[in-house]
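Descriptive analysis of the structure
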Amino acid sequence: MRISFHGAARGVTGSCHLLECAGSRILIDCGMFQGGRELHEENAEPFGFEPKEIDVLLLTHAHLDHCGRIPLLHRRGFRGEIVTTSASRELARLVMLDAAGLEEDEAKRRARHAHRGGRQDTDEPGPLYTTLDALNALDLFGRSAVYGEPLDIAPGARATFHDAGHILGSAFIFLELEEDGQRKTVIFSGDLGSPGRPILRDPADPPHADVVVMESTYGDRTHKELGPLLDELYGAVSATVARGGNVVIPTFALERAQEVLYAFREGRDEGRVPRALQVFLDSPMAISATEIFRHHPECYDREARELLADDRDPFAFPGLHFVRDTADSVALNKVRGGAVLMAGSGMATGGRVRHHLKHNLAHRGNSVVFVGYAARGTLARRIVDGARTVHIFGEEIAVRADVHTINGFSAHADQTELLAWHRRIGGPERTVLVHGEPDVMVRLAARLSGTEVSMPALHERVEL
Ligand code: ZN
């Protein structure tokens, strides 16, 4: 039995782990590397294993950095079964098709650019994968996992998905393995949620396991409580709107967008934001994701279910506008004040939010509110780190708007929460840290005791 790490190894994106047991090859996640061009180019590299030889893929959740290379996996020969929860399956469909569309657009742009430069457009790399690859990969989604119900996934391997409380449908996966009479249990944490957050349940208690492969995104910090966090959000929005400015919120389409909508609905109900607040969700993907949330109340926590029982929509309020059409999105560039503009991408690496930043960053009185993780090398990170000017669409833009970073608004467990979840496993002999920046992993590792901790490099293999 062995595990090798082909993504999110001493990095936060590209999750992809290969478990080999009793002749079966089981992949856990197949995510995209994100953040800057260099990292993006890493996606086209060989996987580090033969896709044709993978028997089954277990998907922890539908974030792009966990499912984004699945269409490429199919393109390179993978034909095994993909197992995940029904909510993740629906969300992954949206995420993979969106990513394929972006890849196609970007390849077209490169070809045009090459053509103008007098070069052969055939010299330019094509898309990483196409919409057709994504559709083909969707055909491989087989059984749906139900939280707490074991599934036989390969000879000598049984998997149980448990609620990870991270995004809708997210799971950590408990594996019971047997090879040559030797038994081992392994948990892959996927991404773990932060307890007490709205909409979703808290992460489930993990069973005992011999080995845990654990994420460490926020392994070195403690989130703020939800209360002060909401105060900060409502305060920033109310103050900006009162002085006639706009608020730009770069938003991850999954989970964060719904969490922020949920917060605005609640804030409006409680009179903590102006009742006339105008919020534009300028993201077709976030709008579709919100619809998928509505299909899966089985994933909600008690409070969100109570709203439904009262016949109330947890994500809707007067003054909320869904903007799907590009023309309507462009029209928002003319809005000089009084609007909350939520758009993707969350790290401002692409998408409509770059237009809103371009039109709003230079004006004093406006605000940009970051409510999510900003990886190194992204536009979001440069603004968060206090850049005085940034480049957007080839233009130098001064940063004069107020910048708020509401960091605790996280779908990830913080250090205390990770340690508490780890403690409940009851002393795993080994802990493998993944999905974190190396310095963060080192600080988390220093807090783990009674377990052998490792931080494998990309493609490194660990014998169990
Ligand atoms: Zn995630």
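Model, not experiment: these values are computed from the prediction. (Residues numbered from 1 in each chain as written. Predicted model: local features only at pLDDT ≥ 70, side-chain atom pairs only at ≥ 80, totals over all residues. Heavy atoms only, no water.)

1. So, the sheet that holds strand β2 (residues 17–21)
One open sheet holds the seven strands; their spatial order is β6-β5-β4-β3-β2-β1-β22, and the pairing between them is mixed. Edge positions in the sheet fall to β6 (141–145) and β22 (461–463), since each of these pairs with one other strand and no more. Going across the sheet, the axis of each strand differs from the next one's by a mean of 25°, ignoring polarity. Inspection of the sheet shows strand β1 (residues 2–5) paired to β22 by three bridges, in the antiparallel sense. Considered in β22, the bridge of serine 4 is made with arginine 461. (Pairing = 2+ DSSP bridges. Helix = DSSP H or I, 4+ residues; strand = E, 2+ residues; numbered from the N terminus. Axes fitted to C-alpha atoms, helices over the stretch in contact; angles between N-to-C directions.)

2. Observations regarding the pairing of strand β8 (residues 157–163)
Of all the seven residues making up β8, six are buried; the element is thus mostly covered by neighbouring parts of the structure. Of the pairings in the sheet, the one linking strand β7 (residues 151–154) to β8 comprises three bridges and is antiparallel in character. Residue pairing in the sheet places alanine 154 in a bridge with alanine 157 of β8. Where β7 folds back on β8, the antiparallel hairpin that results is connected by two residues, among which glycine 156 adopts a positive phi of roughly 80°. (Buried < 20%, exposed > 50% of the residue type's maximum accessible area, 1.4 Å probe, protein only.)

3. What about the sheet that holds β7?
An order of β7-β8-β9-β10-β11-β20-β21 is seen for the seven strands of this open sheet, with the pairing classed as mixed. Two strands in the sheet have a free side with no partner beyond their single neighbour: β7 and β21 (452–454). For this sheet, the mean inter-axis angle between neighbouring strands, taken without regard to orientation, is 25°. Strand direction decides the pairing type here: strand β11 (residues 211–215) and strand β20 (residues 430–434), joined by five bridges, are parallel. Residue pairing in the sheet places valine 212 in a bridge with threonine 431 of β20. Strand contacts of helix α13 (residues 415–424): β9 (171–179), β10 (182–188), β11 and β20, with the helix running at about 165° to β11, the strand carrying the most contacts. (Contact = heavy atoms within 4.5 Å.)

4. With respect to the coordination of the zinc ion
All of the protein donors around the zinc ion are His61 (NE2), His63 (ND1), His166 (NE2) and Asp191 (OD); their distances to the metal are 2.2 to 2.3 Å. Around the zinc ion, the four donor atoms sit at angles spanning 92 to 163°, and that spread fits a shape best called irregular. All donors of the zinc ion belong to a single chain; written as a sequence motif, their spacing is H-x1-H-x102-H-x24-D. Residue histidine 61 is found in the loop between β4 (56–58) and α2 (64–67), and its partner histidine 166 is found in the loop between β8 and β9; the two are separated by 105 residues along the sequence. (Donors = N, O, S within 2.8 Å, 3.2 Å for Na, K, Ca; no water. Tetrahedral: all angles 85-135°; square planar, octahedral: opposite > 155°, others 65-115°.)

5. A closer look at the domain arrangement of the chain
Domain annotation of the chain identifies domain 1 (2–221 + 411–463) and domain 2 (226–409). Opposite the 28 residues of domain 1 that make contact, domain 2 presents 30 residues. Summing both partners gives a buried area of about 2700 Å² for domain 1 against domain 2, and 61% of it is carried by carbon and sulfur. Its largest share of buried area at the contact with domain 2, domain 1 owes to Leu168, Arg197 and Ile199, together 26% of the area lost on that side. Inspection of the region where domain 1 meets domain 2 yields two salt bridges. As a salt-bridge pair, arginine 376 and glutamate 437 come within 3.3 Å of each other at their nearest N and O atoms. Inspection of the domain 1/domain 2 interface yields eight residue pairs in polar contact (both at pLDDT 80 or more). Looking at the side of domain 1 that touches domain 2, the element that brings in the most residues is helix α4 (residues 86–116), giving seven residues. (Domains from an automatic or database assignment. Buried area = accessible area lost by both parts, 1.4 Å probe. Salt bridge = Lys/Arg side-chain N within 4 Å of Asp/Glu carboxyl O. Polar contact = N/O pair within 3.5 Å; in protein donor to acceptor, adjacent residues only side chain to side chain.)

6. Regarding the packing of aromatic side chains
Here a ring pair, both rings aromatic, is described through the centre-centre distance and the interplanar angle of the planes. Evaluation of the coordinates by the stated rule reveals six aromatic pairs. With a centroid separation of 5.2 Å and an interplanar angle of 80°, the aromatic rings of phenylalanine 172 and tryptophan 421 are classed as edge-to-face. Of this pair, phenylalanine 172 sits in strand β9 while tryptophan 421 is found in helix α13, placing the two residues 249 residues apart along the sequence. On the basis of relative accessible area, tryptophan 421 is assigned to the buried category, the value being 2%. Geometrically, the ring pair formed by tyrosine 218 and tyrosine 373 is edge-to-face, given 5.5 Å between the ring centres and 80° between the ring planes. With tyrosine 218 in the loop between β11 and α6 (226–242) and tyrosine 373 in the loop between β16 (367–370) and α12 (379–384), this residue pair connects regions lying 155 residues apart in the sequence. (Phe/Tyr/Trp six-rings, centres within 6.5 Å; stacked < 30°, edge-to-face > 60°.)

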